[in-house]
Amino acid sequence: MKGSRIRKKTRPIRVGKGGMGGDFPVSIQSMTNLPIENIEGTVRQINALYKKGASFVRLAVKGIESVTYLKKIIASVEVPLIADIHFNYKIAVESIKAGVSKIRINPGNIGDAGKVREVVKAARDYSVPIRIGVNGGSIDRKKYPEGTPADLVESAIDQIRILEEMDFHEIAVSIKSSDPFLTIEANRLLSLARDYPIHVGLTEAGYGLSCMVQSSIVIGHLLMLGIGDTIRVSMTGDPVDEIAVACKILETTGDITPALRIVACPTCGRTDEDLDLRMLAEEIEKECNDRFSSRLAETGRTLTVAVMGCEVNGPGEASEADLGIAGAGKGHMILFARSGKIGRIKSCDALAALIKEVEKILPSPPAPLPK
Ligand code: SF4
């Protein structure tokens, strides 16, 4: 990928075995949607999120009795957990003691300074950071009747100040709203106001295509501006589905380099009518994944394969691909590499021929040492 963005340097915070901000990569996080009492289901969901690419998983801890379940869940998973707590400082303190890696709580909502001090003391003792989360739908409308981007930032700063006055700086901040413009502008202003790691996302983004497009625009826009240290795509439904979208966003912004990338053209009138390019691209992606993903992981190599509709523009448009195929008319395709055209084949043999070429350029893993 040519070009890159400059990411705003934020103050790093440790979150369990990972971290956010500073030189930590932009991470993906999600949230479980099962009651915490369902330990087995919650553990299964957390592991599924982790396997798909979540670096952190948040879960709602609703009552003090939930902490017993929380402990069991923490003991059963590898991924650092974040406890989401509203109002009750005791749940925050007990969750920290139970071993969560981060908590999300707004200090302004938990009562007097003594209660906040208890939470800050526990967070300090156990090296647990605190995420302040301001939501456009729940800011204090008496104080901020307009709910402008500046209001959302001021509301976040109100919360931040409470911790700063206690000399606590292990902070992450999020400002979310269901309005894309509001969310982008508020986060932009926030990044100018403080250097704490920022968690970006769009709230109440809905489900399916609508959520994917809206979240990609908002999160992608902010990341391209250099803003954002951890992201969450909030999607109604199975949270595991969020991760694929988040991974694609980070691939697009250059924060993740996929080992295997299939690029394909949209096709046009130059494409042979008999050539189903979409189906071919999907077959190639599956076959390459099945055959080469472990080899790519072992060797640390990346592979870009182009599947193009015509030989007139295909090889030129996909010149960054390691290998490619392009329609050549009359049931034929050409194979090309960075060096140029390397062969002509029947379209029905395209998959096999391409796999053979990939075999040639990908080194085999080293042979095991003799015993
Ligand atoms: S590569 Fe060829 S077929 Fe594909 S969009 Fe470009 S001109 Fe059309």
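Now for a quick tour of the structure. (Residues numbered from 1 in each chain as written. Predicted model: local features only at pLDDT ≥ 70, side-chain atom pairs only at ≥ 80, totals over all residues.)

**With respect to the site of the ligand**
Selection rule: Residues are classed as near a molecule or strand if the C-beta position derived from their backbone is within 6 Å of it. Under this grouping Gly is polar, as are all residues other than the nonpolar Ala, Val, Leu, Ile, Met, Phe, Trp, Tyr, Cys and Pro and the charged Asp, Glu, Lys and Arg.
In the vicinity of the ligand there are 13 residues, among which Cys265, Cys268, Gly309, Cys310 and Asn313 approach most closely. Taken together, the residues of the shell around the ligand sort by class into 6 nonpolar, 5 polar and 2 charged.

**Description of the pairing of strand β11 (residues 260-264)**
The side chains of a regular strand alternate between the sheet's two faces. Inclusion rule: One bridge is not enough; two strands pair if DSSP finds at least two bridges between them. Put simply, DSSP H or I for four residues or longer makes a helix, DSSP E for two residues or longer makes a strand, and each gets a number counted from the N terminus. Whether a crossover is right-handed comes down to one check: with the strands pointing away from the viewer, does the path from the first strand over the helix to the second run clockwise; if it does, it is right-handed.
As defined by bridge partners, β11 adjoins strand β12 (residues 303-308) across 5 bridges and the pair is classed as parallel. Looking across to β12, one finds that Arg261 is bridged to Thr304. Once you follow β11 into helix α9 (residues 277-299) and on to β12, the crossover reads as left-handed.

**Some thoughts on the sheet that holds β11**
Through backbone hydrogen bonds, the strands of a sheet pair up, either in parallel or in antiparallel fashion. Put simply, the rule reads: Helix axes are fitted only over the stretch in contact, all axes being lines through C-alpha atoms; the angle between N-to-C directions runs from 0 to 180 degrees. Contact between two residues is assigned whenever their backbone-derived C-beta positions fall within 7 Å.
Sheet architecture is open: 5 strands sit in the order β11-β12-β13-β14-β15, paired in mixed fashion. Looking along the sheet, the strands with just one partner apiece sit at the ends: β11 and β15 (340-346). On average, each strand axis in the sheet is tilted by 20 degrees relative to the strand beside it, whichever way the strands run. The strands touched by α9 are β11 and β12; relative to β11, the strand with the most contacts, the crossing angle is about 165 degrees. Where helix α11 (residues 350-361) meets the sheet, its contacts fall on β12, β13 (323-329), β14 (332-337) and β15, and the angle it forms with β13 comes to roughly 150 degrees.

**Topic: the packing of helix α1 (residues 39-52) against helix α8 (residues 240-252)**
Condition: Any angle that falls under 35 degrees is termed roughly parallel, while one over 145 is termed roughly antiparallel, one within 65 to 115 roughly perpendicular, and all others oblique. Crossing handedness: left-handed means the near helix sits turned counterclockwise from the far one by under a right angle, and right-handed means the same turn made clockwise.
Their axes nearest at 9 Å, the elements α1 and α8 cross at an angle of 15 degrees. In this view, α1 runs roughly parallel relative to α8, as classed from their interaxial angle. Here α1 runs over α8; the crossing is right-handed. In this structure, α1 uses Ala48, Leu49 and Lys52 to contact α8, whose residues at the interface are Val240, Ile243 and Ala244. Taken together, the residues of the contact of α1 with α8 sort by class into 5 nonpolar, no polar and 1 charged.

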